[in-house]
Amino acid sequence: PVIKGFTCAAAVTVGFGQVKNLLGLRGVPQQFFLQVYYTFHNIAQARVGDVVLGLFCLLLLVSLTVMTRTLGPGSDDLPVHVRAARGLVRGLATVRNALVVVAATCVAYSWELSGHHSF
């Protein structure tokens, strides 16, 4: 129970520490209770671009994870194009974190180049 409690508390602390980044809030202190207070107090100042991009990235990560789990083991009696598609999806799922980071970076950089400062 002690190890489970410690692990859960660490997960909550780390997870909530990312909420301010997902909302695009600045000037939030590092102490946990102050972080919770200032995040909820300043939630109206959340940047829409950061929220949309962050939620899209989370949705993409979850969908890639679900796709990998639902594919199941391959079969040799499947057509070649189906086996190739499964292999591609599994390969993408293996590097999903890197793919999402690169894609989000490209989106944010292209918006900055076009003069929109949404992120």
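Scoring rules and cut-offs
Residues numbered from 1 in each chain as written. Predicted model: local features only at pLDDT ≥ 70, side-chain atom pairs only at ≥ 80, totals over all residues. Heavy atoms only, no water. UniProt positions renumbered as here; feature names shortened; annotations may be inferred. Phe/Tyr/Trp six-rings, centres within 6.5 Å; stacked < 30°, edge-to-face > 60°. Helix = DSSP H or I, 4+ residues; strand = E, 2+ residues; numbered from the N terminus. Buried < 20%, exposed > 50% of the residue type's maximum accessible area, 1.4 Å probe, protein only.

In the annotation of an unreviewed UniProt entry, the entry for the chain reads Solute carrier family 26 member 11, and the organism field reads Anguilla japonica. Database annotation for the chain, UniProt heading Subcellular location (unreviewed entry): "Membrane".

Caption draft 1: Layout of the packing of aromatic side chains. In this structure the tally under the stated criterion is 4 aromatic pairs. Ring centres 5.9 Å apart and planes at 40 degrees place the aromatic pair Phe16 and Phe40 in the tilted group. Here Phe40 lies in helix H2 (residues 32–41) and Phe16 lies in helix H1 (residues 2–23), a separation of 24 residues in the sequence. Judged by its relative accessible area of 54%, Phe40 is exposed. Between the aromatic rings of Phe32 and Phe33, the centroid separation amounts to 5.5 Å while the plane-to-plane angle is 70 degrees, which identifies the pairing as edge-to-face. Taken together, Phe16, Phe32, Phe33 and Phe40 form an aromatic cluster joined through their ring pairs.

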